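The lines below spell out each chain.
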Amino acid sequence: MADTHPAPLTESISGHCLCGSVSITLEGARPEVDICHCAMCRRWGGAFFGGLKGSGFSVSGQEHVTSYRSSEWAERAFCKQCGSNLWYRFLPGDLHSFLAGLFDLPADVDASMGIEQQIFIDEKPCWYDLAQDSQKKTGPRKTGAQIIAEAKAAGFDIG
């Protein structure tokens, strides 16, 4: 099956926390946002989590980063100076997803961003809907049970 995702960005993108103590450079960023509606993400950020992934990253100001083990399979990092949420890390695969709002995106990239997928849609509250909530601009919508089953089928030990 052919990959239907847009090509990764050729230029790195940079972002930072609210106070600027932590800066992140993301290489090979995918011009799509993953959306998570789970209760933990909503508690963590006040609403859904919108994350960007890439092929590599670097962090400066690491001494200002602290993390919280939020489940058997994940940790969440934030700036201990200003409290800005920085990334979600899926521990079994050592995969990072960075908060999309941290990055200063070029106007052309920002205008063409889509949603790769929405997960834990079974936990999404009724008080918000996404404007791009269509198969034209968003990928699949998966329940929590589907995500857990996919992770286990891929061989990840998530308890």
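Refer to the preceding data block for the structure.
Residues numbered from 1 in each chain as written. Predicted model: local features only at pLDDT ≥ 70, side-chain atom pairs only at ≥ 80, totals over all residues. Heavy atoms only, no water.

Looking at this structure, I do not really get the overall build of the chain. What am I missing?
Helix and strand counts for the chain stand at 3 helices and 11 strands. Against the globule reference of 15 Å for 159 residues, the chain gives a C-alpha radius of gyration of 15 Å, in line with a compact fold. Sorting the 159 residues of the chain into buried and exposed places 42% on the buried side. If you take every contact in the chain between residues at least 6 apart in sequence, the share linking residues at least 24 apart comes to 55%. A total of about 8700 Å² of accessible surface is found on the chain, and carbon and sulfur atoms cover 53% of it. One finds the centroid of the 14 positive side-chain charges in the chain at a distance of 6 Å from the centroid of its 19 negative side-chain charges. (Helix = DSSP H or I, 4+ residues; strand = E, 2+ residues; numbered from the N terminus. Rg over C-alpha atoms; globule rule 2.2 N^0.38 Å. Buried < 20%, exposed > 50% of the residue type's maximum accessible area, 1.4 Å probe, protein only. Contact = heavy atoms within 4.5 Å. Areas by Shrake-Rupley, 256 points an atom, 1.4 Å probe, with all protein chains shown as cover. Lys, Arg positive; Asp, Glu negative; His and termini not counted. Charge placed at Lys NZ, Arg CZ, Asp CG, Glu CD.)

How should the packing of aromatic side chains be read in this particular structure?
By convention here, two paired aromatic rings are described through the distance between centres and the angle between planes. Across all of its chains, the model carries 8 aromatic pairs by this definition. Seen from their ring centres, F57 and F98 are 4.9 Å apart, and the 65 degrees between their planes marks the pair as edge-to-face. Placement of F57 in strand β5 (residues 56-60) and of F98 in strand β9 (residues 95-99) is noted, with a sequence separation of 41 residues between them. Ring plane angle 70 degrees and centroid distance 5.8 Å describe the contact between W87 and F98, whose orientation is recorded as edge-to-face. Taken as a pair, W87 in strand β8 (residues 85-90) and F98 in strand β9 lie far apart in primary sequence, 11 residues in all. Pairwise contacts between aromatic rings join F57, W87, F98 and F103 into one cluster. Over the aromatic face of W44 sits the side chain of R76, whose NZ or CZ is 5.0 Å from the ring centroid. Between K124 and the ring centre of Y128, over which it is positioned, the NZ or CZ distance is 5.1 Å. (Phe/Tyr/Trp six-rings, centres within 6.5 Å; stacked < 30°, edge-to-face > 60°. Lys NZ or Arg CZ within 6 Å of the ring centre and 35° of its normal.)

I tried to follow the layout of surface pockets on my own but got confused; where do I start?
Over the atoms rolls a probe the size of a water molecule, and its path tells where empty space is left. Size it by volume and the largest pocket reaches roughly 930 Å³. As for the largest pocket, its lining consists of 36 residues, of which Y88, F90, L95, Q117 and I119 are closest to the centre. Of all the secondary structure elements, the ones that give two or more residues to the lining of the largest pocket are β3 (32-36), α1 (39-45), β5, β7 (74-79), β8, β9, β10 (114-119) and α3 (144-153). The class makeup of the residues in the lining of the largest pocket is 21 nonpolar, 8 polar and 7 charged. (1 Å grid on protein atoms, 1.4 Å probe; cavity = no way out; pocket = protein on both sides within 12 Å on 5 of 7 lines; lining within 4 Å. Points joined across faces, edges and corners; volume = space filled by probe spheres on them. Nonpolar A, V, L, I, M, F, W, Y, C, P; charged D, E, K, R; others polar.)

Please clarify how unusual backbone geometry should be interpreted in this entry.
What you tend to see is this: most non-glycine residues have negative phi, and most peptide bonds are trans. Unlike most non-glycine residues, D94 shows phi in positive territory, near 50 degrees. Tracing the chain through its elements places D94 in the loop between β8 and β9. You can call D94 partly exposed: its relative accessible area is 43%. The phi torsion at F120 lies on the positive side, around 55 degrees, for a residue other than glycine. For F120, the position within the fold is in the loop between β10 and β11 (141-142).

Is there a simple way to think about the sheet that holds strand β1 (residues 13-16) in this case?
Strand pairing within a sheet occurs via backbone hydrogen bonds; the two strands may be parallel or antiparallel. Spatially, the 3 strands line up as an open sheet ordered β1-β2-β5, and their pairing is antiparallel. Edge strands, defined here as strands with exactly one partner in the open sheet, are β1 and β5. The average angle at which neighbouring strand axes cross in this sheet is 20 degrees, direction not considered. Taken together, the 5 bridges between strand β2 (residues 23-27) and β5 define a ladder with antiparallel strand orientation. Within β5, the residue paired with E27 across the bridge is G56. (Pairing = 2+ DSSP bridges. Axes fitted to C-alpha atoms, helices over the stretch in contact; angles between N-to-C directions.)

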